[in-house]
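# Coordinate analysis (summary)
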Amino acid sequence: MDLANFDIPMDAIVTSLLEIVLLIVISTGLLQNGLYVLQLVLAMRELATQRPEKRASLLWRRYAEISPPISLLVPAYNEEISIVDSLRSMLALNYPDFEVIAVNDGSKDGTLQAMIDGFGLMPILRHYTEVVPHEPVRGLYGSPQYPRLLVVDKGNGGKSDALNAGINLSRFPIFCAVDADSILESDALLRAVQPFIDDPTRTVAVGGTIRIANGCRIERGRVLSFGLPRNLLALFQTMEYLRAFLMARLAWSRLRTLTIISGAFGLFKRQTVIEVGGYSHRTVGEDMELVVKIHRHLRDRGQDYQIVFVPEPVCWTEAPESWRVLGRQRSRWQRGALETFFRHRDMLFRPRYGRIGLLGFGHVLVVDVLGPPIEVLGYLLVPMLWMLGLLSVEYLLAFLALTFVFGIFVSVASLILEEIELQRVPRVMDLVLLTGIAVIENFGYRQISNLWRLRGMWQFLRGVQGWGVMSRVGFRST
Amino acid sequence: MFLTLIWEISLGLAAISLATMMILIVLRLKSAGRIRAESERRDTLLDQMLEWTETGDAGQAAAITTALSQDTKLATNLLIEVFEIVRGEGQQRLAALAEAAGIGDRLRRDLTAGPVRNRLAAAEGLAWFPSAATSEALGRAVLDRHDDVSFTAATTLSALDSDLMFDEALITRLAQVNSSRRIELVLAQFAQTRPEALLQLVVDAHRSDRIRTASLDALTQTGIEGILELILSLEHSPSTDMRVAVARNLGSLGHPEGHHTIARYLSDARWEVRCKASEAVGRLGLLELGPQLCDLLLDDNWWVRHRAGEALAKLGDDGINALQEMVALAGQTPLGQTAEHVLAERRRSA
């Protein structure tokens, strides 16, 4: 370290302190990037050994006869415009035995009426029991024309509450939680259910890939062709999702340390979820909270189990295209991660929780808890100290390497994985564009993203609750 | 030194990843024309094959054989799709053409090496190419290190009516997998050809419950002689899974000598057994067990109450009347509501 020569002890103290802070910044960066490299290697191995079957026709022949029935739970809040198309697309899924349970979570718009009109629904009775808590059910609706569809109308209680109502009303051993504004590919269930076929005793939850639908050709709730978004912010998110799902989740799945299954698309063994009390209320990260609760419960019981991520079943979702909405979403995600982390903090590094406590929670600690504030501290401190001549150029370069250059490697490597193993991006120009995005997202977007996460931390510390407004453009048929 | 290394390694990795991506993009550009041409060839060949199944023209057959042999990978993928559409005699004729074009050989080769995905597809695809060579290849593939390939090969082999040693190695393997639902398919095939081997599995207390119950299910479907005695011999098993399997299979078999076991299971200590026994009562229409079903409408477990209600509704007028009476007498109590909801659901599904 090239610090000036200070004679008075105060300066020496400041120098030592700065040195310690810089070491923490560099060490955290190294640790974070080390984890990314580990994820890349694991994801590569997983994809190479478990290469997904591309021929959809083979899947039906192979699995239809032995596929367990599934209840699709679709919580809907103010989804008047798109709900009928979404449900129609779900009812047309390529799967032998399933039911769709749409839960109107006290919408303020005409969501319920849209479903009643769209499917010719009538009030019905259904025998069920309340094994997990939720707001009172106001009515159940069904139609002889759509025997697979059940619509639940209940008081507003949030997404977790709506999903709990769906769990109570479902009859099948496995349920699949899907966002009402998401689109499942027609063979998504057939692909996602495979771990439940291969190992029905140990498998308790399965997550699939979420991809950005902005820019895709969509008609009546079906993705007809892939396209990249035109909006820069949505493009950044396309890259982020690729990294998060194809690299991080696949890697942690291989190590059996997955701590999150996206709320937009996840399959769960109903009985296990009931045993942990269903989805938790008073959290904005109900998806992560549920998975961590399952880990804790089954580890406490000493049960052998697995929570798996499979890369090929795809659920398409709409990404926010405005900075304000995206910022709110990211702050909320950060808050959700922190809520779960601190609620279950006793699991961290505790031998009883094995690799979940060490790797799963260790990863959350480094990437979600310590990562954002330390990285932002680095952004403030390192250039300033360098400009003041208090820091050698080596320190500056190391910091730049860890925050900018290494990010390029991780993003581009995820894209390489996608191109080698899945080839979901059909046009060459789109590949070129995504490569460009993988580079430039590290200069500006990553830093802003960190600020949003810091805001989420601040909100968590202040005890802020609730989701905030999540406005969407909505899927437009093109 | 260490700090410089961080910079250099990061820069190097970023450069290597970008260079790799550029290479992949160039490769993709180059392959675009090939993929287009392949797609056109595929469409033409598909049209020719579908037309030939109608006409049976000899000249066309020769052309198809040549086309198939020129690109066996494309042909294999295409045939898998075609065989989903074309059935019966047309399928057999096409399979004969494909065998002449060397597709059978390719599948038999694929079965021995390469990625799991390809080995699995080959084990399935060979069902359309029955021959001594196929049976031999499948027999070897039963010993494949990957369970999916092994079980698929065993299922295909059994479906082809070929002799397959349902030997200790395969049984051990099936038992080791323990959980996979695929074993149900394998055992269902074996139950047709080697029921005595499955019988040994069921009675072998050292095997896992999973394989024993799956074998019992498979055997019951065949209706072989002595199956009732086999099921009843297991009725006092301490394993819940086994008693559930007994209830399920008695419900499926429907033999009168199994009724007393079903009746006894209605008051079993485990809810899973009471539940399955209720289902069996409804399935077999055992009117005399109606009163016990009525009692189960007050069971602690929701699933037992629900299945008992459903079973009552399946007992015809007597069961329906009992449910209606309960609605009238019990009103908005949990009992009355169970009866009311079961009746409502029955009306809707009728």
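Just so we're clear, the structure is a prediction, and the values are computed from it rather than from any experiment.

Now for the domain arrangement of chain A. When the parts of a complex come together, some accessible area is lost, and that lost area is often used as the size of the interface. All names here are of chain A. According to the domain assignment, chain A contains domain 1 (11–47 + 358–462) and domain 2 (53–352). Between domain 1 and domain 2, the C-alpha centre-to-centre distance is 29 Å. Contacts between domain 1 and domain 2 engage 51 residues on the former and 49 residues on the latter. Together domain 1 and domain 2 conceal approximately 4,600 Å² of surface at their shared face, both sides included; 73% is due to carbon and sulfur atoms. A per-residue breakdown of the area domain 1 buries against domain 2 is headed by Phe361, Arg424 and Tyr445, which together make up 18% of the total. The residue Glu185 makes a salt bridge to Arg424 at a minimum N-O spacing of 2.6 Å.

This next bit is on the interface of chain B and chain A. Listed by partner, the interface residues are 45 residues for chain B and 55 residues for chain A. Between chain B and chain A, a total of about 4,700 Å² is buried, with carbon and sulfur atoms accounting for 65% of that surface. Salt-bridge contacts for Glu345 of chain B lead to Arg171 of chain A; the nearest nitrogen and oxygen are separated by 2.6 Å. Along the contact surface separating chain B from chain A lie 12 residue pairs in polar contact (both at pLDDT 80 or more). Of all the secondary-structure elements, those providing two or more residues to the side of chain B that touches chain A are α1 (2–55), α3 (72–85), α6 (116–125), α10 (182–193), α18 (302–313) and α20 (334–349) of chain B. At 18 residues, the largest contribution of residues to the side of chain B that touches chain A is made by α1 of chain B.

Residue and element names in this part refer to chain A. Here Ala177 lies in strand β6 (residues 174–178). Placed 102 residues apart in sequence, Ala177 and Pro75 show a C-alpha to C-alpha distance of 8.1 Å. In this view, Ala177 contacts Leu73, Leu163, Gly263, Ala264, Phe265, Gly266 and Tyr279; residues no more than four positions away in its chain are not counted.

It is worth spelling out the pattern of salt bridges at this point. Using the criterion set out here, one finds 44 salt bridges over all chains in the structure. Between Asp199 of chain A and Arg202 of chain A there is a salt bridge, with its nearest N and O atoms 2.8 Å apart. Put simply, Glu312 of chain A and Arg424 of chain A hold a salt bridge, and the shortest N to O gap is 3.2 Å. Separated by 112 residues along the polypeptide, Glu312 of chain A in strand β12 (residues 306–317) and Arg424 of chain A in the loop between α13 (393–422) and α14 (428–440) bring together distant segments of the chain. As far as the burial class goes, Glu312 of chain A and Arg424 of chain A line up, both buried. In the salt-bridge network here, residues are joined through shared partners; they are Lys276, Glu279, Arg307 and Glu310 of chain B.

What counts and what doesn't
- Residues numbered from 1 in each chain as written.
- Chains lettered and ligands numbered in written order.
- Predicted model: local features only at pLDDT ≥ 70, side-chain atom pairs only at ≥ 80, totals over all residues.
- Heavy atoms only, no water.
- Domains from an automatic or database assignment.
- Contact = heavy atoms within 4.5 Å.
- Buried area = accessible area lost by both parts, 1.4 Å probe.
- Salt bridge = Lys/Arg side-chain N within 4 Å of Asp/Glu carboxyl O.
- Polar contact = N/O pair within 3.5 Å; in protein donor to acceptor, adjacent residues only side chain to side chain.
- Helix = DSSP H or I, 4+ residues; strand = E, 2+ residues; numbered from the N terminus.
- Buried < 20%, exposed > 50% of the residue type's maximum accessible area, 1.4 Å probe, protein only.

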